[in-house]
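So the chains spell out like this:
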Amino acid sequence: MHNTGAAMQNPFKFGSVVTGSDFADRRRELAELVRELTDGQHLFLLSPRRYGKTSLILTALESLGSRGTLVAYVDTFRTTTPVQLLELMAQAVLRAAESRPERLLRLAMELLGRLRPQVGTDTTGMPTLSLDVGTSPRSVLALQEEVLAFPERLAEKRKRRLVIAFDEFQEMKRFPGASLEKAMRSHFQHHRHVSYLFAGSRQTVLQDMATRERSPFYKFGRAMSLGPIPQEEFAPFLEARFKRGRLGVSSDVVEAILAAADDVPYNVQRLCHQLWDMLAGKADRITEGDIGRAIAIIVDQDTPYFSAAWDRLSLHQRQVLQAIARAGGRNVFASEFLMAHRLGSHSSVQTSLRQLLKEQIVLKVNGEYRIADSFFREWIGTRLA
């Protein structure tokens, strides 16, 4: 036995955005994003939660930036009003071109002078922007028109392509009315030097925004779905990290780890993080039995969250989840399944599943209903058995 790995930092990251060497290769998706956005295309990136969407976006922007493209990232989730989103967008676009507050202010005065911009700095020293927004509808409309025209004006001035990524873009649907959405489309469709990426984890909402005929963004860009990381890419990434702690792991055990976590990147990294904590410096190899022990620890750690989620469900939704946890979700509407689990009518199961899908507690994968979080499934199967 040895203790070399015990003092090393755990190389498996979860729950936060990662880039650089911590980013698990998504070579195909990364290359596709970079290529399409470089070519001036617009994309809608659809992804379930915990699939590493934001890390992929930031890695793509990093790659584009290294090639001389101007890049801006807008986290729509941080905004609660159209005005906040417009200010955040203007700030992100300015930061794409300038990082020094005094130069950023000069650029803002030149291109957004009518909005009387003011520049400060945040706690990290990054420049922040505030705009003079009056309370009248006319002043808000003026802000909207100026900011939405701004990306193209900036890209033309700098003679470089600009890529703007809106993360959790579907959060716009919470704003009253659709006036900002319509205004965005009417401006963005005329931008020749700006590529737009719209990403979100509420897949059905974002998909509707991209594909429904009555949506302002109908056919504005191609929809691209983010799936699990292919095993042939993920397995070498995991093996290399375990080797840092001199932890041997066979290909069969790596396959078992991926299967236990349903190939979901967040859950895979979480499980590997726990295995490292358990074994680095204390063992030479990871066994399949270790996987079960690690999952039991994670389930125990997350019991408060799972209990809270369970409390919010209706009794019938709980029944449906218990049935899927026990028997899988391939034949949930078959009469044998309904009778075996006392689920009642086909329509009541459909109603419960519709809500569970909307809340992303359940996903539909290749025609099968699956509990989205494999650890939650384990909690239901063991703690509520």
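Procedures and definitions
- Residues numbered from 1 in each chain as written.
- Predicted model: local features only at pLDDT ≥ 70, side-chain atom pairs only at ≥ 80, totals over all residues.
- Heavy atoms only, no water.
- Pairing = 2+ DSSP bridges.
- Helix = DSSP H or I, 4+ residues; strand = E, 2+ residues; numbered from the N terminus.
- Axes fitted to C-alpha atoms, helices over the stretch in contact; angles between N-to-C directions.
- Buried < 20%, exposed > 50% of the residue type's maximum accessible area, 1.4 Å probe, protein only.
- Expected span 1.5 Å × (residues − 1).
- Arc of directions from axis to C-beta.
- Contact = heavy atoms within 4.5 Å.
- Polar contact = N/O pair within 3.5 Å; in protein donor to acceptor, adjacent residues only side chain to side chain.
- Core = buried A, V, L, I, M, F, W, Y, C linked by side-chain atoms within 4.5 Å.
- Salt bridge = Lys/Arg side-chain N within 4 Å of Asp/Glu carboxyl O.
- Parallel < 35°, antiparallel > 145°, perpendicular 65-115°, else oblique.
- Left-handed = near helix turned anticlockwise from the far one by under 90°.

Draft legend 1. Layout of the sheet that holds strand β5 (residues 162-167). Taken in spatial order, the five strands make up an open sheet running β2-β5-β6-β1-β7, and their pairing is parallel. Because the sheet does not close on itself, it has two edges, and the strands there are β2 (70-75) and β7 (222-225). Each adjacent strand pair in this sheet contributes to an overall mean axis angle of 20°, direction not counted. Across four bridges, the pairing between strand β1 (residues 43-46) and strand β6 (residues 194-200) is parallel.

Draft legend 2. Representation of the pairing of strand β9 (residues 368-371). What you see with β9 is a clean split: Y369 and I371 sit on the buried side and E368 and R370 on the side with no burial. With four bridges joining them, strand β8 (residues 362-365) and β9 adopt antiparallel strand pairing. Residue pairing in the sheet places L363 in a bridge with R370 of β9. Where β8 folds back onto β9 in an antiparallel hairpin, the turn is made up of two residues, including N366, whose phi is positive at roughly 50°.

Draft legend 3. Geometry of helix α14 (residues 346-358). The end-to-end C-alpha distance of α14 is 18 Å, a good match for the 18 Å that 13 residues give at a rise of 1.5 Å each. The complete set of buried residues in α14 reads V349, S352, L353 and L356. On an axial view of α14, the arc spanned by its buried residues comes to 100°, and they lie on one face. Structural note: α14 exposes R354 and K358 on the side pointing more than 90 degrees away from its buried face. Residues of α14 that are buried make contact with α12 (315-327), α13 (335-340), β8 and β9. A positive phi of about 60° marks Q360, the residue just after α14.

Draft legend 4. Examining unusual backbone geometry more closely. Even without glycine at this site, R116 takes up a positive phi of about 45°. One can find R116 in the loop between α4 (101-112) and β3 (118-121). Overall, the relative accessible area of 55% leaves R116 in the exposed class. With a phi close to 55°, D262 is a non-glycine residue in the positive phi region. Tracing the backbone shows D262 in the loop between α9 (251-260) and α10 (265-279).

Draft legend 5. Summary view of the side chain of T303. Here T303 shows up in helix α11 (residues 288-311). A distance of 2.8 Å separates the side chain of T303 from the backbone oxygen of V299, its partner in a polar contact. In this view, T303 contacts W379 and R383; residues no more than four positions away in its chain are not counted.

Draft legend 6. Quick look at the nonpolar core. Counting 53 residues, the largest nonpolar core has L238, F242, L271, L321 and F376 as the members making the most contacts within it. Examining the composition of this core, we find that eight residues originate from one element, α11, more than from any other. Leaving out residues up to four positions away in the same chain, L271 has contacts with I257, A260, I291, A294, I295, I298 and F375. With 47 residues, the next largest nonpolar core counts A72, L85, M184 and L206 among its residues.

Draft legend 7. Quick peek at the pattern of salt bridges. This structure, assessed with the given rule, holds 21 salt bridges. Between R270 and D302 there is a salt bridge, with the nearest N and O atoms lying 2.9 Å from each other. Taken together, the positions of R270 in helix α10 and D302 in helix α11 put the pair 32 residues apart, joining distant regions of the chain. In this pair, the class of R270 matches that of D302, namely buried. Residues participating in the shared-partner salt-bridge network are R26, R28, E29, E32, E36 and R222.

Draft legend 8. Spatial organisation of helix α8 (residues 231-244). Here α8 is 14 residues long and its end C-alpha atoms lie 20 Å apart, about the 20 Å a rise of 1.5 Å per residue gives. By the burial criterion, the buried members of α8 are E233, F234, A235, F237, L238, R241 and F242. Of the surrounding secondary structure, the elements contacted by the buried residues of α8 are α1 (27-38), α9 and α10. Directly beyond the C-terminal end of α8, a positive phi value near 55° is found at R246.

Draft legend 9. Inspection of the packing of α9 against α11 at higher detail. As a packed pair, α9 and α11 sit with axes 9 Å apart at the nearest point and diverge in direction by 25°. Taken together, the axes of α9 and α11 lie roughly parallel to each other. Seen from above, α9 lies across α11 with right-handed handedness. The segment α9 lies against α11, with D252, V253, A256, I257 and A260 engaging E288, I291 and I295.

Draft legend 10. Molecular detail of the pairing of β3. The pairing of β3 with strand β4 (residues 127-130) spans four bridges and is antiparallel. Bridge pairing links G120 to T128 in β4. Hairpin connection between β3 and β4: a loop of five residues separates the two successive antiparallel strands, and G125 in this loop has a positive phi of roughly 90°.

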